[in-house]
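Next come the chains, spelled out residue by residue.
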Amino acid sequence: MTEFFASLAAGVVVFVAGYLGLRGPLGPQGACVLAYLASLLAVLGVVGGAKAMRSYALGREPEEKHGVARYFSFDVDHKVVGIQYTAAAVVIFLVGGLLALTMRLELARHGLQYLTPEQYVTVMSLHGITMVVVALIATAGGLGNFVVPLQIGARDMAFPRLNALSFWLLPPAVLLLLASPFLGGLDFGWTAIAPLSTQGTTIGKQMFVLAFVTAGFSSIFGGVNFVATVLTMRAPGMGWNVLLYQHLFWYYSHPAVYIMILPAFGAVLEIIPVYARKPLFAYKLVAGALMTITALSFIVWAHHMFTSGMWMLLKLPFMVNTELISIPTGVVFLAVMGTLWKAKLRLDSPMLWALAMVANFLIGGLTGIPLADAPTDLHLHDTWFIVAHFHFTIMGGAVFGFFAGFHHWFPKMTGKRLNETLAKTQCALMFVGFNAVFIPLFWLGNHGMRRHVADFPEWMDPVQTFASLAALVVGSSVIVFSYNVLTSLRRGEEAGMNPWEALTLEWKAASPPPHGNFKTPPVVSGEPYDYGVEA
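Everything quoted here is computed from the prediction, not taken from an experiment.

Scoring rules and cut-offs
Residues numbered from 1 in each chain as written. Predicted model: local features only at pLDDT ≥ 70, side-chain atom pairs only at ≥ 80, totals over all residues. Heavy atoms only, no water. Helix = DSSP H or I, 4+ residues; strand = E, 2+ residues; numbered from the N terminus. Rg over C-alpha atoms; globule rule 2.2 N^0.38 Å. Buried < 20%, exposed > 50% of the residue type's maximum accessible area, 1.4 Å probe, protein only. Areas by Shrake-Rupley, 256 points an atom, 1.4 Å probe, with all protein chains shown as cover. Lys, Arg positive; Asp, Glu negative; His and termini not counted. Charge placed at Lys NZ, Arg CZ, Asp CG, Glu CD. Contact = heavy atoms within 4.5 Å. Polar contact = N/O pair within 3.5 Å; in protein donor to acceptor, adjacent residues only side chain to side chain. Domains from an automatic or database assignment. Phe/Tyr/Trp six-rings, centres within 6.5 Å; stacked < 30°, edge-to-face > 60°.

**Re the overall build of the protein**
Argument step 1. Along its length, the protein carries 15 helices and two strands.
Argument step 2. At 31 Å, the protein has a C-alpha radius of gyration far larger than the 24 Å of a compact globule built from 535 residues.
Argument step 3. Projecting the C-alpha coordinates of the protein onto the three principal axes gives extents of approximately 85 × 65 × 60 Å.
Argument step 4. Counting every position in the protein, which comprises 535 residues, the buried fraction comes to 44%.
Argument step 5. For the protein, the exposed surface amounts to about 27700 Å²; the carbon and sulfur share of it is 71%.
Argument step 6. Here the protein carries 30 positive and 27 negative side-chain charges, and the mean point of each set is 6 Å from the other.

**Here's the deal with the environment of Ala354**
Argument step 1. Here Ala354 lies in helix H11 (residues 349–372).
Argument step 2. Residue Ala354 is classed as buried on the basis of its relative accessible area of 0%.
Argument step 3. On a C-alpha basis, the gap between Ala354 and Val523 in space is 29 Å, while along the polypeptide they are 169 residues apart.
Argument step 4. Non-local contacts of Ala354, meaning those with residues more than four positions away in its chain, are made with Val268, Ile271, Ile272 and Ala404.

**Things to note about the side chain of Thr322**
Argument step 1. Structurally, Thr322 is set in helix H9 (residues 315–324).
Argument step 2. A distance of 2.7 Å separates a polar side-chain atom of Thr322 from the backbone oxygen of Phe318.
Argument step 3. Setting aside chain neighbours within four positions, we find Thr322 in contact with Val300, His303 and Ala372.

**Focus on the environment of Phe167**
Argument step 1. Structurally, the position occupied by Phe167 is in helix H4 (residues 160–168).
Argument step 2. When its relative accessible area of 6% is taken as the criterion, Phe167 is described as buried.
Argument step 3. A C-alpha to C-alpha distance of 19 Å links Phe167 and Val230, two positions 63 residues apart in sequence.
Argument step 4. With sequence-adjacent residues up to four places away left out, Phe167 is seen in contact with Val81, Gln84, Tyr85 and Ala88.

**Some points on the domain arrangement of the protein**
Argument step 1. The domain architecture assigned to the protein consists of domain 1 (48–232) and domain 2 (244–508).
Argument step 2. Between the C-alpha centres of domain 1 and domain 2 there is a distance of 47 Å.

**Digging into the packing of aromatic side chains**
Argument step 1. Under the criterion given, the structure shown has 23 aromatic pairs.
Argument step 2. Centre to centre, the rings of Phe265 and Phe333 are 6.2 Å apart; their planes meet at 85°, and the pair counts as edge-to-face. Note that Phe265 is positioned in helix H7 (residues 242–276) and Phe333 in helix H10 (residues 326–340), a separation of 68 residues in sequence.
Argument step 3. With a relative accessible area of 5%, Phe265 lands in the buried category.
Argument step 4. Its relative accessible area of 12% is what places Phe333 among the buried residues.
Argument step 5. Pairing Phe392 with Phe442 gives two aromatic rings, centres 5.6 Å apart and planes at 25°, and the pair type is stacked. One end of the pair, Phe392, is in helix H13 (residues 384–414); the other, Phe442, is in helix H14 (residues 420–446), with 50 residues separating them in the sequence.
Argument step 6. Members of the aromatic cluster, each reached through a chain of ring pairs, are Trp353, Phe385, Phe392, Phe400, Phe402, Phe403, Phe406, Phe410, Phe434, Phe438, Phe442 and Phe481.

Printed below as a string of structure tokens:
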């Protein structure tokens, strides 16, 4: 315990001396930062960190400690660190609870009872951030540090000294937070969001930021240590849980699907208003719908795992969450329909590609509904129904969206126009061929054709042959595309600055744009979709 109190005393002395000495030349904020960094090093060094680093440099095993005093020192035993985290979480929880009771006493009736408005905001801010710290460290830091190495048969954490460091970064951070009310207070809430956090500069605010950063590094160090420990220090014979791997894979991979398709949607929604000569219908709703799709994509991953043996009760929430994505997706489709309604369409090749993309993705979206429902997914899982659905979303969506954007911005990139007849021929061949390939696959999958296999019953031959012949049509469209690009680059029609009469800013530059893009900085004088139906 002597090391603990000595470290706190050293930290306070170093901070006060550093702040008073540097305040003149650096100002209050600069002095606070440097003084805190010096005091943090002092605390870590005196509490035992310097000794631990020295033993590491000399290649020695960490010193084994005994007794209650080790819980107040820089001990590298994961069990000690776990108990330190747990004790700290309980103490911080009590402080946060007292702050919450203080708030409730003030709010027991209208009017100001005990606190000024500034004091109330400070109490609320401290309550919020202390309880966030508790949520951050209690289970993972406390119980996790103690239990995980034992559960996997490891002697300790992968990086014992880093583990101890992750804990000992917390006491200075907590002390900073508790000191902030006496050094100007916190008048911006626990989230420290502008503009409140940018109004006025007090040392209390500075301490809040420094505490936040310090706790962040503590969390990062602990997280890295857990991952390294579980990956590399499991007992012989202990493997990964197969379902855990699937959960991790799909938690990443399902949002990745939207990473593929949302840029294509963005391009198509940029293109359609140009050729419809109308603003995008319900623009703000579309923007919100795309953000909603992104958010929901992180909570639907287990619909890929309905047949994996996962817990039965998990299927219902994942089924509902997946179905919810159809709502914002429907908003996007309705916005496209609203833009096209009574529009004077210009059916140039980019518009044809955009319309083809919308039609394809509609099929992809509709066929995703039975796959989101656990009962039907049990029948369709791992069949060619999945293959067809995926291709309608990725190729039919992302690839067709790319071609729409390519044909739209090719004149801007090269200064030349693609041959419109060839471009439309390619679009027709690819759209018809693509649908002819993959629509029959829905039927095959529904009748039991498994994916990842090279053979199948003879009675499927006619459908498989038809799909293979249709694939040649898709291949021929690529030949048309390649020929069109090569010949247009060599002798294509000059595009001019704005062949599509678009209003977005890129068309104010030359085609292709010179170095620096614009000769003079452009001035925005209207809306990017300020089209009229009469145009």
